[in-house]
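# Understanding the architecture of this molecule
For reference, the chains in residue letters:
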Amino acid sequence: MSSALRLRSRVSLLSNIQTIAKAHPYAVAGGALTVGVLAISALVNRRFARAAEHDNPPAGQFLDVNGVRLHYLERGSGEPLVLLHGNGSMIQDFESSGLLDLAARTYRVIAFDRPGFGHSDRPRSVVWTPAAQAELLRSALDRLGVSGAIVLGHSWGASVAVALALKYPGLARGLVLVSGYYYPSFRPDVVALSAPAAPLIGDVLGHTLSPLVSRLMWPLMMAKIFGPQSAPEKFDAFPKEMTFRPSQIHASAAESALMIPDAFSLHDAYPKLKMPVAIVAGDEDRLVDVDAQSARLHGDIPQSTFHRVPGNGHMVHQTATDAVMSAIDEVARDGSNPDRRPASSEVQSAA
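Just so it is clear, the model here is predicted, and its values are computed rather than measured.

With 52 residues, the main nonpolar core has Leu84, Phe112, Val151, Leu175, Leu177, Tyr270 and Leu297 as its most contacted residues. The biggest single contributor to this core is helix H6 (residues 156-167), with eight residues. Val178, Val316, Ala323 and Ala327 belong to the second largest nonpolar core, which has 29 residues in total.

Shown next, in the form of structure tokens:
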């Protein structure tokens, strides 16, 4: 294209813009205002995110694994116990619950910030399915000299724990699965929660409106995940501002979008799990149907035990920490002595 032709094209484009602006002045002004508000929101949210990271520096150490900077916290000694948090959460969930320190009295506890949460990276070149995260964690545990461990996963972390056990059964010597989602079901809430993971528009939402909406929805979300109980005072130590960062909102939305497809891909393989498995769930979980999920999983794993904790909800590790700790000890005993491993059983664990 010649210089003269390019000049005429630019003049024509400018003329068209001016014509549209004259014909629809309010629409143009409204659009400009919207863009300005979104830009300011993005800058404010970026500042809040930096402040949250400054106020909550990494408490553990880092591993560079397969191009991912992975944050982990290690305490105690003894048989390795790996803790995997749920969607939207981070290491401080286990720390604030008291479970991390309680377990560290007996076990070598290794808690990870899963990719995209807390202080761990989440490269967008990877679709972070439970299987992909299991591969990353296997490499990380190998670097830490761990060849076998009890693996506890809460909520979305339970899917990662199962994927790890299916892919590397020698590594996962026992499983403690807490408040997990294991079988595909109709979940209209997943569509709304997945929006910030959508291409292009998701990034705009994640950097502008989603942090604001997340702050407004926080009390309602807490009521849903802790109900029928209230969030305990110890949960005040959880750094909620870290969850409002655009990067973590994107990671959480991506995991919401993967939730049902991953359940489809995993659910036929559950009977292949041969290690000791303890399933724990609050019997009044308002986020996950306990009978359709945990109770059904118990039926599909012959050697599993099911700890149904009365009067508790989705955050049972926060509100009934001792019951979860008992399940960990049970798996450790059964793993070290296969002869005493009980047949499938359901128990009512005390809150």
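There is more to say, and it comes next.
Let us look at the pairing of strand E5 (residues 149-154). Burial analysis of E5 places six of its six residues in the buried class, which makes it a mostly covered element. On E5, burial covers both faces: Ala149, Val151 and Gly153 on one face and Ile150, Leu152 and His154 on the other are all buried. Bridging between strand E3 (residues 80-84) and E5 involves four bridges; their strand directions are parallel. Residue pairing for E5: Leu81 is matched across the bridge by Ile150. In this sheet, strand E6 (residues 172-178) lies alongside E5 in parallel orientation, the contact comprising six bridges. Within E6, the position partnered with Gly153 by the bridge is Leu177. In this region the chain leaves E5, passes through H6 and returns to the parallel neighbour E6; the handedness of that crossover is right-handed.

Residues Leu209, Leu212, Val213, Leu216, Met217 and Leu220 make up a contiguous nonpolar surface patch of roughly 600 Å² in combined accessible area. Topologically, Leu220 is positioned in helix H9 (residues 209-226).

This next bit is on H6. Between its first and last C-alpha, H6 extends 17 Å over 12 residues, near the 16 Å set by a 1.5 Å rise per residue. Burial analysis of H6 places 10 of its 12 residues in the buried class, the great majority of the element. Where H6 is buried, its residues touch E3, helix H5 (130-143), E5, E6 and helix H11 (246-266).

Counting across every chain of the model gives two cavities of 30 Å³ or more. Along the walls of the largest cavity sit Pro57, Ala59, His71, Ile91, Gln92, Glu95, Asp113 and His119, which together make up its complete lining. Of the residues contributing to the lining of the largest cavity, the split by class is three nonpolar, three polar and two charged.

Counted under the stated rule, the structure contains seven aromatic pairs. With a centroid separation of 5.6 Å and 85° between ring planes, the pair formed by Trp218 and Phe244 is classed as edge-to-face. Within this pair, whereas Trp218 is found in helix H9, its partner Phe244 is found in the loop between helix H10 (240-243) and H11, the two being separated by 26 residues in sequence. With respect to burial, Trp218 and Phe244 carry one shared label: buried. Among the aromatic side chains, those forming a connected cluster through ring pairs are Trp218, Phe226, Phe235, Phe238 and Phe244. Cation over ring: Arg69 sits above Phe62, and NZ or CZ is 3.6 Å from the ring centre.

Per-residue confidence for the chain gives a mean pLDDT of 87; residues scoring 70 or more make up 81%. In the predicted structure, residues 26-34 sits below a pLDDT of 50 and forms two contacts with residues beyond four places in sequence or in another chain.

Roughly 1200 Å³ of volume is contained in the largest pocket. Taken together, 43 residues make up the lining of the largest pocket; nearest its centre are Asn87, Leu193, Met221, Ser252 and Ser256. Examining the composition of the lining of the largest pocket, we find that 10 residues originate from one element, H9, more than from any other. Of the residues in the lining of the largest pocket, the class split is 24 nonpolar, 14 polar and five charged.

What follows concerns the environment of Ser294. Of note, Ser294 is situated in helix H12 (residues 291-300). Among the residues examined, Ser294 registers a relative accessible area of 2% and is labelled buried. Through-space distance from the C-alpha of Ser294 to that of Ala281 is 6.8 Å; in sequence the pair is 13 residues apart. Excluding residues that lie within four positions of it along the chain, Ser294 makes contacts with Gly180, Tyr182, Ile279, Val280, Ala281, Asp289 and Phe306.

For the structure on display, the rule yields 10 salt bridges. For Arg114, the salt bridge identified is with Glu255, shortest N-O distance 2.7 Å. Of this pair, Arg114 sits in the loop between strand E4 (108-112) and H5 while Glu255 sits in helix H11, and the two are 141 residues apart along the sequence. For the pair Arg114 and Glu255, a shared accessibility class is recorded, and that class is buried. Put simply, Glu255 and Arg122 hold a salt bridge, and the shortest N to O gap is 3.2 Å. Here Glu255, found in helix H11, pairs with Arg122, found in the loop between E4 and H5; they are 133 residues apart in sequence, far enough to count as distant. A single salt-bridge network, built from bridges that share partners, covers Arg75, Glu95 and Asp101.

Cut-off values and rules
Residues numbered from 1 in each chain as written. Predicted model: local features only at pLDDT ≥ 70, side-chain atom pairs only at ≥ 80, totals over all residues. Heavy atoms only, no water. Core = buried A, V, L, I, M, F, W, Y, C linked by side-chain atoms within 4.5 Å. Buried < 20%, exposed > 50% of the residue type's maximum accessible area, 1.4 Å probe, protein only. Helix = DSSP H or I, 4+ residues; strand = E, 2+ residues; numbered from the N terminus. Pairing = 2+ DSSP bridges. Right-handed = clockwise from strand over helix to strand, strands pointing away. Patch = residues over 30% accessible without salt bridge, like charges linked within 9 Å, V, L, I, M, F, W, Y side chains within 5 Å. Areas by Shrake-Rupley, 256 points an atom, 1.4 Å probe, with all protein chains shown as cover. Salt bridge = Lys/Arg side-chain N within 4 Å of Asp/Glu carboxyl O. Expected span 1.5 Å × (residues − 1). Contact = heavy atoms within 4.5 Å. 1 Å grid on protein atoms, 1.4 Å probe; cavity = no way out; pocket = protein on both sides within 12 Å on 5 of 7 lines; lining within 4 Å. Points joined across faces, edges and corners; volume = space filled by probe spheres on them. Nonpolar A, V, L, I, M, F, W, Y, C, P; charged D, E, K, R; others polar. Phe/Tyr/Trp six-rings, centres within 6.5 Å; stacked < 30°, edge-to-face > 60°. Lys NZ or Arg CZ within 6 Å of the ring centre and 35° of its normal. pLDDT = per-residue confidence, 0-100.

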